[in-house]
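These are the residues of each chain, in order.
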Amino acid sequence: MAEKLDKVDVVVVGAGWAGGITAAELSKAGYKVVGLERGKDKTVEDFIGAKDALRYDARFEMMEDHSVQTITGRRNSDEEAIPLRTQDDNFEGNDVGGSGSHWSGVTHRATQFDFEAHSKTIEKYGEDKIPDDMFLQDWGITYDELEEYYDKFEKMAGTSGEEDPLGAPRSSDYPTGPMKETPAIKLFKEAAKNVGYHPFQIPSGNLSEQYENPDGQTINACQYCSYCMMYGCDFGAKSDPVVTVIPTAKESGNYDLRTNAYVREVIHEDGKASGVLYVDMKTGKEYEQPADIVVVAAYTLSNVKLMLLSKIGEPYNPKTKKGVIGKNAGGFTGSSSGVATGFFEDKKFNLAMGAGALGGTFSDLDSDNLDTSDLNFIGGGIVELRLRGEDPIGYNTVPEGTPAWGKEFKEKSIHYANRNLAIHFKPPNYGWSFNYMDLDPTYKDSFGDPLLRVTMTISDHEKNLRKFGNEKMSEVMEEMGADIIDTEEIPDDWDFNQGGGEAGGGVIMGDDPEISAVNNYCQVWDVDNLFVIGASALPQKIPQQTATVGAFAYRASEGIIKYLEDGEGLLVEPKEKSST
Amino acid sequence: MVDNENKTSPNNSNSAQDPSRRKFIKNTGIATGGVVGGALLGGLIGNSYKSDDTSTTKDDTSERQYDESRMFFTRFEDFKVLQQATERIFPEDDNGPGAIKLGVPYFIDKQLAGEFGSNKKDYMKAPSKDIEDVTTYQTLMNRGEVFIEGLRKLNTESQNRHDTKFYDLEEADQDAMLIDLEEGKIKLEAVKSNTFFELLRQMTIEGAYADPLYGGNRNMEGWKMREHPGIRASYIDVIESEDFQKLDPISLKDYQQ
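Residues numbered from 1 in each chain as written. Chains lettered and ligands numbered in written order. Predicted model: local features only at pLDDT ≥ 70, side-chain atom pairs only at ≥ 80, totals over all residues.

### Some details on helix H5 (residues 104-113) of chain B
Residues and elements named next belong to chain B. The buried fraction of H5 amounts to 9 of the 10 residues, a majority that puts the element mostly inside the structure. Considered for burial, the residues of H5 that qualify are Val104, Pro105, Tyr106, Phe107, Ile108, Asp109, Lys110, Gln111 and Leu112. For H5, the elements touching its buried residues are helix H3 (76-89), helix H4 (99-102), helix H6 (143-162) and helix H8 (193-209). (Buried ≥ 20, exposed ≤ 12 C-beta atoms within 10 Å, placed from the backbone. Helix = DSSP H or I, 4+ residues; strand = E, 2+ residues; numbered from the N terminus. Contact = placed C-beta atoms within 7 Å.)

### Section: the sheet that holds strand S15 (residues 339-343) of chain A
Residues and elements named next belong to chain A. Pairing is antiparallel in the open sheet, where 6 strands are placed in the order S7-S16-S17-S18-S15-S22. What marks the edges here is a single partner per strand, and that holds for strand S7 (200-201) and strand S22 (484-487). Pairing geometry for S15 and S22, over 4 bridges, is antiparallel. Counterpart to Gly342 in the pairing with S22 is Ile485. Across the sheet, helix H7 (residues 183-195) touches strand S16 (359-362), strand S17 (382-386) and strand S18 (420-426), and the angle it forms with S16 is around 15°. (Pairing = 2+ DSSP bridges. Axes fitted to C-alpha atoms, helices over the stretch in contact; angles between N-to-C directions.)

### Some details on the nonpolar core
Residues and elements named next belong to chain A. Judged by nonpolar contacts, the single largest core of 211 residues is most densely connected at Val532 and Ile533. For this core, the element with the most residues is helix H12 (residues 546-566), which contributes 9 residues. Setting aside anything within four residues of it in sequence, one finds Ile533 in contact with Ala18, Thr22, Val295, Ala297, Cys522, Phe552, Ala553 and Ala556. One finds Met134, Leu136, Phe377 and Tyr430 within the second-largest nonpolar core, a separate group that totals 11 residues. (Core = buried A, V, L, I, M, F, W, Y, C linked by C-beta atoms within 7 Å.)

### Thoughts on unusual backbone geometry
Residues and elements named next belong to chain B. Of the consecutive residues Ala126 and Pro127, the connecting peptide bond is found in the cis state with omega at 0°. With respect to the helices and strands, the residue Pro127 is situated in the loop between H5 and H6. Positive phi is not limited to glycine here, since Ala190 has a value of about 65°. Relative to the helices and strands, Ala190 resides in the loop between helix H7 (171-182) and H8. Using a count of 11 C-beta atoms within 10 Å as the deciding quantity, one classes Ala190 as exposed. Residue Glu227 is not a glycine yet carries a positive backbone phi of 55°. Within the secondary structure, Glu227 is located in the loop between helix H9 (221-226) and helix H10 (252-255).

### As for the sheet that holds strand S21 (residues 450-455) of chain A
Residue and element names in this part refer to chain A. Spatial strand order, S5-S4-S21-S20: 4 strands in an open sheet with mixed pairing. The strands lining the two open edges of the sheet, one partner per strand, are strand S5 (82-83) and strand S20 (436-444). As paired elements, strand S4 (residues 71-74) and S21 share 4 bridges and run parallel to each other. Its bridge partner being in S21, Ile71 is matched across the sheet by Leu452.

### Some words on the pairing of strand S3 (residues 33-36) of chain A
Residues and elements named next belong to chain A. Both faces of S3 are covered, namely the face carrying Val33 and Gly35 and the face carrying Val34 and Leu36. Judged from the 4 bridges that link them, strand S2 (residues 8-13) and S3 form a sheet pairing that is parallel. Along S3, the bridge assignment pairs Val12 with Gly35. Read from S2 through helix H1 (residues 17-28) to S3, the crossover connection turns out right-handed. Both S3 and strand S10 (residues 255-258) contribute to a ladder of 4 bridges, which runs parallel. Each bridged residue has a counterpart across the sheet, and for Leu36 the counterpart in S10 is Arg258. (Right-handed = clockwise from strand over helix to strand, strands pointing away.)

Listed below in structure tokens is the structure:
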């Protein structure tokens with residue numbers, strides 16, 4: 001029997017970006033907040049000297065312990081799902097900071113098109129452009145409406161960047177200037193210009209200068225040391241909840257953060273949540289934490305699993321295509337759709353140096369700027385050439401046809417170690433009727449609850465995008481003067497991998513409860529004092545979701561305060577009739 | 001972007017050449033009163049003292065390698081197969097040492113003795129199902145058990161084919177057997193053969209390039225072959241340089257406090 005604790009104003013599940021921002025905003029406003037984090041406590045001190053590629057990159061130091069839980073996967077409803085057993089197959093951030101500590105720092109906003117993908121597609125190309133079985137949906141909020149929250153996120157995070165010449169309107173400049181331009185980035189930008197594109201520096205959470213944010217937290221200047229993505233920053237120079245919102249929440253005196261606290265269920269009755277049930281992983285003891293407001297802000301997969309285990313909202317049914325929880329799963333099939341890798345015989349680059357978000361980009365091929373009338377897909381994608389800093393364990397880039405081991409592998413992997421660059425094309429993953437999440441009938445977690453099951457395949461639409469990406473990236477790489485250009489092999493099907501904090505959907509946002517689970521405050525339609533915040537709210541998995549998740553969290557926090565001040569009820573009334 | 005490794009770069013006197021982090025401290029403004037967290041400051045100061053002590057580290061090759069005895073493998077026979085298999089995957093050549101000289105077999109032995117070898121952070125619950133064309137780790141055997149199974153099979157299969165142990169075969173015959181393992185033509189008990197092969201391949205590369213802390217990449221020779229600088233505080237002063245920066249590698253021993 002769970003021990004019932006004293007009631008608080010708000011309980012927040014998770015202490016990454018979504019949970020950290022919400023905890024900071026609500027505790028600053030004077031509300032008593034309890035944070036429940038399944039992993040360990042983390043401070044900047046944990047990251048000092050953490051430049052160990054085996055431990056952090058190859059052995060996934062900062063990721064979920066699958067002896068407690070993982071997910072299962074299959075490629076269609078007839079297949080029996082298998083568990084994704086190792087961290088190679090499935091990794092998601094763990095501990096205080098969550099994915100916000102190990103992320104690269106790439107801080108793109110979503111495009112204007114992303115927010116209204118359904119209506120803009122019909123408006124520009126007609127209804128017939130949308131393939132059967134694609135669940136293309138508007139988010140119930142526009143870019144212009146979310147802009148002020150993007151601005152808040154970037155100012156808190158200190159984002160370093162310069163304006164995209166073809167980008168959506170911004171209310172203010174980036175808080176810090178763009179990162180340094182390396183020879184490889186210059187080469188990329190010149191080539192992109194020659195092809196007719198408008199390149200600029202990737203907006204970055206690896207800061208170009210020391211910065212104090214409006215909450216009084218200081219983020220240091222990036223040293224381009226390369227131990228960035230998959231690591232916590234040695235210097236506190238990355239936009240990271242551990243450096244920003246977590247200390248802000250703690251300094252308020254209103255945030256009680258409990259670690260090793262694994263939440264199993266949201267307790268609710270008659271459309272109201274009353275708290276959560278969690279296990280103290282050190283003692284095995286169960287607790288009930290009552291609260292006026294419950295915020296579920298874990299990683300996408302845990303958000304969906306918690307909703308299904310708690311029996312909140314109607315689970316998606318692929319036969320009837322009705323229901324919402326688990327719908328529009330995306331981001332499992334890799335964030336890149338089209339890659340051109342170039343090998344240079346007479347140029348050497350300093351590839352050991354870099355930072356997670358260091359690189360060049362252009363948005364000429366993204367959905368706001370690309371006319372797809374004569375193309376066999378919807379939308380478009382962002383383009384990136386990044387210099388993350390290549391550690392030899394993880395990077396052995398060799399031309400196609402080279403064996404994966406032995407004499408020739410050794411020779412070529414050493415020869416090309418500093419002579420290769422790659423350009424990636426990254427479109428959103430749109431929702432499909434056959435890609436979804438539900439509970440696995442066979443496999444259980446260590447508490448005896450079912451694992452989350454993912455049913456995922458690669459659609460022809462995605463294959464078309466990958467072909468397009470390969471072609472366009474190769475054109476730029478050719479202009480860069482590469483001697484050998486390899487493009488990504490287009491996979492037949494999903495390879496049972498979930499990596500890199502890329503998963504999205506499952507508790508999606510919209511203006512119609514028939515086809516969405518939450519409104520544009522991340523408020524659950526069916527339980528109005530429950531807010532589910534994260535990439536789980538994205539109706540289509542956008543290529544870089546962090547800034548958008550952050551913006552959602554700022555907007556949700558504002559909504560929660562409104563709810564607590566003005567009394568209960570839905571913050572947005574549902575739209576009468578579905579538009580899909 | 002000229003290959004400048006044989007010339008002296010004009011940037012050679014900057015922080016990326018300097019194993020200590022003193023220069024870095026100046027860059028970030030810590031020494032000039034910039035605001036940083038106390039923990040960070042403590043770490044940096046500690047490190048700058050540390051690097052003074054270690055700047056004269058001697059490479060004493062006559063010293064005995066007390067960390068090179070078997071921690072996981074009980075049978076020397078299994079270890080001998082491992083040595084030869086890793087050497088075929090990452091052979092000695094004109095670039096430099098192969099797996100054995102880099103300490104890869106001992107690296108793997110140590111890894112298998114720890115939590116990676118016992119799949120501590122993996123989901124190991126039954127049932128074990130198989131999908132024909134899927135290569136994810138599905139066996140309920142842990143990595144240590146997979147290695148024992150795989151290495152012993154290489155020896156028995158070698159006996160059947162050539163009437164000799166795997167480690168006594170000619171290189172070409174060893175290669176042929178490893179290709180058969182990779183392609184699934186040599187079957188293993190309760191685990192797909194390419195699960196074992198992929199693990200063996202990946203761990204060999206890890207042993208060549210992981211920080212020497214783990215027992216491989218001996219004397220940072222793996223990094224030197226790749227012209228990899230190892231672990232350095234900062235490249236802020238050289239990141240924009242047109243020239244390739246050839247820097248002597250630094251390991252965690254000289255970086256952490």
